[in-house]
Each structure stands twice: as structure tokens, then as C-alpha cells.
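# Inside the fold
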Amino acid sequence: MSNSSAHCDPGPAAVGTWSGGRFMHFGEPLDDDRLESLIAPDESIRTVLTADVYGAGEADRMLGRAIEGRARGEMCVVGAVGHDFYFGERDGAKGFPRFTDRRLRDESGYSDYLRMATERSLERCGIDGFDLLLLHNPDRIGYTSERVWRGMAALRDAGLTRMIGVAPGPANGFTLDLIDCLERFGAMLDWAMIILNPLEPWPGELCLDAAAAADVKVITRVVDYGGLFFDDLLPGQELAPHDHRSFRPAGWIERGRERLDRMRPVAQRAGLTTIQLACQWNLAHGPVACVAPTLIQEIAEDARPVESKRAELAALPAELRLTAEDVDEIRAIGDNTGSMALKGASPEHSGEERPDRWDLDDRLTQVAERWGIAPERDLTAAARV
């Protein structure tokens, strides 16, 4: 890879190696040629995101083939490490344990693990440094451990990445944990990645003021709301076997399309397609600087080619076309407050700590108070009419 010293920051639109159905089960799995073409950065979409755990390294290798021979300074490569598939054992659908799992190592081993995982991911990608490296789906230790974040900062100091950040997940939530992480380590962090879209303004919006206060930029994922904003996911449509979207509650497509139809007049006034509307709505939020929808090849006979979806994302207008009134109108239509049980610290959780759910402690209660969040009101699932 040439010109390793050149660099590029994340742009307004990005693609992820979770697209295309191969490494995360969204839609029909693409063959090598189509997937490499889909994720390869170009002049219109120069930012690509990967995670070392996808395909246990295979997504990195696929990305490496897609960017081979391309000028390094013309692309932004975002990596993510945190799930230990080197020493940990996969626990079915729960995936691989976090590297901070006490069964694998204590805090004295955090830095060494992060360096090893990052170097191996870079080797698979065929580059000598990431533009941005994210801590992928941290557990409670990952959000709060100074050893973890000193280890991440050491990777930046060593030139293995220019910037570092945090990527909560895999499901929605981690609201107070992210805000606490920003308060603790915001001076070290450059970026954070959250779930946000016009049909899921909650709880992602609750984190944005804290990100702005810490001067941390935000990447948003699931911008497409499970493919719905690409407008070819229809009621009654069959999903591919083992499709990741099958976890969503029955009727989510029908309910989502009803609300999407109410948003169409705003899109038409602004001269935007529905996915472009979703992207611009996200980008209208101050700290949000990058959107990364999932590009899904649906299996229906008349489904759009995924390449046309990429082209639609690439054609996202640079200028913001939504007014403040448009943003508020869309939020009101898509309001999903209380629609699900959230991951991370939660007043609804009690008992043994899990890798993705734990009790709300005194420190996080104080974090909530500082940011005007009432956990029992703002972070719990409610009966929906």
C-alpha cells in the first residue's frame, strides 16, 4: 500500500464490511467480486469500516483485497477490535467474549491484547495503520477501565492508528455507559459510533450532547433501519435464512412502512430519496459527521440490486436540505421511546452482570442527573399502544 503517511478522516457517507450478507447475516450473501466492489472506497464514498471479529478475520481479508493497489491517502479505513476470537470460545449466537472477560486475562494483559489484535487486523487488511480504530462492543470494564483506554491510546502513539474511539453494541442502548466513558476519557477519544435513524431516535439522541461537550464526533449505523429506508423491503417479504433481522418483533416492517409513508412528503419537498432523508436527518445532529447504512441485497424476485443502493448513498447531497422544522417533524413521526429493552446499564436489570447488561450503579445515576436523564422514565421499555 503506497503513501502510508497520507491520511483521510471519515467522510459523511461510509460502507461497512457488515454489508453484503457475508459476515453479518443481512439479506442475500454476495459473492467475492460483488462484495469487494461494494465495499471498495472510491471518490464518492471514501470511508470503509471493518471489525476483526467479522468472519473471524475474513472481513478484514476481503477488505484487503478490495483496497489492494489503491492510494492509501484517498481512503479512510476504520477498524474495530474487542471481541477475542483468538483465545476465547464462541458462545453460539452470543458470539465471542470480549477481551476483558476475566476468564481470559486480567487488566495487566489488556494493552498486549489490543496491540496484538490491531497488528493482526492491519496485516489482514494490508495496511500499516488505521485512520480510526474503535473499541468494539465493550463490556462494563471496557467503558470504565483506564487500563483499556491507555492501551487504546498507546496504539495511536505507536502509529497503528491516527484516531481512536468507541463503538457500543451490538444492540441498542449503552446510553449512560457511553456518556460516562465520554466523561472519563473524552480527552483521549476522537469518535464514537451509535445506532440512530429517523425510526429510532431513541435512545441514541440522548448521547449526543455529551459527545458534543467532549468534542467527539459521531458515526451512526443502522441508518437504514434494517433496510427499510432503501424502500424495497415490503410487508410479507421473505427474509433470507438466518437473516439477522429476524430478531425484530413481528410486524416491524408494516409499522415501519406506515411511518415511512408519513415522512415521504418531507423527502419529496427536500428532493431526497428515503435513504438520503434518513442520512441527512442523522447528519442534522451536530456531532454526527458520518453515516454508515447497511447495504442489503434482498432476496425478493424484484428486489433492487445492492449496487443501486450504494449509488444512491454515493449521491447523498453534500448540502443539508432539511430545516429544523423538518428534523422535528420526522422525529415526532418516528418517535420510538420505550419501544425496547436497552442493553448496558439499566434500571430494569438486576442480578448477575452479563457481557451486555448490568445494574445501574451510583456513578451512572449521577451521570444521568448531570445530563437530565431520568433512567426510570427515559431508559426503560414501555407498553406501546
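Residues numbered from 1 in each chain as written. Predicted model: local features only at pLDDT ≥ 70, side-chain atom pairs only at ≥ 80, totals over all residues. Heavy atoms only, no water.

### What to know about the overall build of the protein
Our working definition: Working definition: helices are DSSP H or I runs of at least four residues, strands are E runs of at least two. Numbering for both runs from the N terminus. We take the radius of gyration over the C-alpha atoms and set the globule estimate at 2.2 Å times the residue count to the 0.38 power. In this scheme, a residue with accessible area under 20% of its type's maximum is buried, one over 50% is exposed, and one in between is partly exposed, where area comes from a 1.4 Å probe on protein chains only.
Regarding its fold elements, the protein presents 13 helices and ten strands. For 385 residues, the compact-globule estimate of 2.2 N^0.38 gives 21 Å, and the C-alpha radius of gyration of the protein, at 20 Å, lies within 12% of that figure. Reported as C-alpha extents along the three principal axes, the dimensions of the protein are approximately 55 × 50 × 40 Å. Residue burial in the protein is summarised as follows: out of 385 residues, 58% are buried.

### Remarks on the environment of Pro203
As a reminder, the rule being used: Contact criterion: two residues are considered in contact whenever any of their non-hydrogen atoms come within 4.5 Å of each other.
Of note, Pro203 is situated in the loop between β6 (191-195) and α7 (208-213). For Pro203, a relative accessible area of 1% corresponds to the buried category. Sequence-wise, Pro203 and His83 are 120 residues apart; in three dimensions their C-alpha atoms are separated by 24 Å. Other than its neighbours up to four places away in sequence, Pro203 contacts Asn172, Gly173, Thr175 and Leu342.

### What to know about the sheet that holds strand β5 (residues 161-167)
What counts, and what does not: Here the rule is simple: two strands pair whenever DSSP picks up at least two bridges between them. An axis is simply a line fitted to the C-alpha atoms; with a helix, the fit covers only the stretch in contact. Between two such axes, the angle follows the N-to-C directions and lies from 0 to 180 degrees.
In spatial order, the strands read β1-β2-β3-β4-β5-β6-β7-β8; together these eight strands make up an open sheet with parallel pairing. Pairing within the sheet leaves two strands with one partner each, and these edge strands are β1 (14-16) and β8 (288-292). If you compare each strand with its neighbour and ignore which way they point, the axes differ by 25° on average. Inspection of the sheet shows β5 paired to β6 by two bridges, in the parallel sense.

### Re the side chain of Arg259
Our working definition: His is not counted, nor are the chain ends, whereas Lys and Arg count as positive and Asp and Glu as negative. Salt bridge criterion: a side-chain nitrogen from Lys or Arg within 4 Å of a carboxyl oxygen from Asp or Glu.
Position of Arg259 among the secondary structure elements: in helix α8 (residues 252-270). It turns out Arg259 is buried and unbridged, and the closest side chain with the opposite charge, Glu258, is 5.3 Å from it. When neighbours within four sequence positions are excluded, Arg259 is seen to be in contact with Leu199, Tyr225, Ile333, Gly334 and Asp335.

### Here's the deal with α8
Count 3.6 residues to each turn of an α-helix, and residues three or four apart come out pointing the same way. For the record, the criterion: To estimate the expected span of a helix, subtract one from its residue number and multiply by 1.5 Å.
With 19 residues, α8 ought to run about 27 Å at 1.5 Å a step, and its terminal C-alpha atoms sit 26 Å apart, in line with that. Regarding α8, the residues found buried are Trp252, Ile253, Gly256, Arg257, Arg259, Leu260, Met263, Arg264, Val266, Ala267 and Ala270. Turning to α8, the residues buried within the fold contact α9 (274-283) and α11 (324-334).

### Some remarks on the pattern of salt bridges
Applying the stated criterion to the full structure yields 35 salt bridges. Ionic pairing is found between Arg115 and Glu119, a salt bridge with its closest N-O pair at 2.9 Å. Placement of both Arg115 and Glu119 in helix α3 (residues 110-125) is noted, with a separation of four residues, approximately one turn of the helix. Residue classification places Arg115 among the partly exposed positions, given a relative accessible area of 39%. With a shortest N-O distance of 2.7 Å, Asp261 and Arg264 are connected by a salt bridge. Separated by three residues within a single helix, Asp261 and Arg264 lie in helix α8, roughly one turn from each other. The class of Asp261 is partly exposed, set by a relative accessible area of 41%.

### Re α9
Within α9, nine of the ten residues are buried, which leaves the element mostly enclosed by the surrounding structure. Within the sequence span of α9, burial applies to Thr274, Ile275, Gln276, Leu277, Ala278, Cys279, Gln280, Trp281 and Asn282. At its buried positions, α9 is contacted by β7 (217-221), α8, β8, α10 (306-314) and α11.

### Some words on the pairing of strand β4 (residues 130-136)
Consecutive residues of a regular strand have side chains that alternate between opposite faces of the sheet. To keep things clear, this is the line we draw: The definition of a right-handed crossover adopted here requires that, viewed with the strands pointing away, the path from the first strand over the helix to the second runs clockwise.
With seven of seven residues buried, β4 is to be regarded as a mostly interior element. Judged from the four bridges that link them, strand β3 (residues 76-81) and β4 form a sheet pairing that is parallel. Bridge pairing in β4 links Val81 to Leu135. Viewed along the sheet, the connection from β3 through α3 into β4 turns out right-handed. Here β4 pairs with β5 via six bridges, running parallel.

### Things to note about the packing of helix α1 (residues 32-39) against helix α2 (residues 58-67)
As a reminder of what qualifies: Orientation labels follow simple angle bins: below 35 degrees gives roughly parallel, above 145 gives roughly antiparallel, 65 to 115 gives roughly perpendicular, and whatever is left gives oblique. Residue polarity is assigned by list, with Asp, Glu, Lys and Arg as charged and Ala, Val, Leu, Ile, Met, Phe, Trp, Tyr, Cys and Pro as nonpolar; anything else, Gly included, falls into the polar class.
The geometry of α1 relative to α2 is characterised by a closest axis approach of 9 Å and an angle of 75° between their N-to-C directions. In terms of their interaxial angle, α1 and α2 are classed as roughly perpendicular. Contact with α1, carried on its side by Asp32, Leu35, Glu36 and Ile39, involves Met62, Leu63, Arg65 and Ala66 of α2 and no other residues of that element. Considering only residue class, the contact of α1 with α2 consists of five nonpolar, no polar and three charged.

### Comments concerning the environment of Glu348
We count it as follows: Pairing of N or O atoms within 3.5 Å defines a polar contact, subject to two protein rules: one partner must be a possible hydrogen donor and the other a possible acceptor, and residues neighboring in sequence count only if both atoms are side-chain atoms.
Here Glu348 shows up in the loop between β9 (344-346) and β10 (357-359). With near-sequence residues (within four places) excluded, Glu348 lies in contact with Ala341, Arg357, Leu379, Thr380 and Ala381. Within polar-contact distance, the side chain of Glu348 engages the backbone nitrogen of Ala381 at 3.2 Å.

### Details of unusual backbone geometry
Only a minority of non-glycine residues have a phi that is not negative, and only a minority of peptide bonds are not trans. Residue Pro170 follows Gly169 across a cis peptide bond; omega there is 5°. Summarising the element assignment, Pro170 is placed in the loop between β5 and α6 (175-185). Residue Pro203 is reached from Trp202 by a cis peptide bond, and omega for that bond is 0°. Positive phi outside glycine occurs at Phe174, with the angle close to 60°. Positioned with a positive phi, Val222 is a non-glycine residue whose angle comes to about 55°. When you line up the elements, Val222 lands in the loop between β7 and α8.

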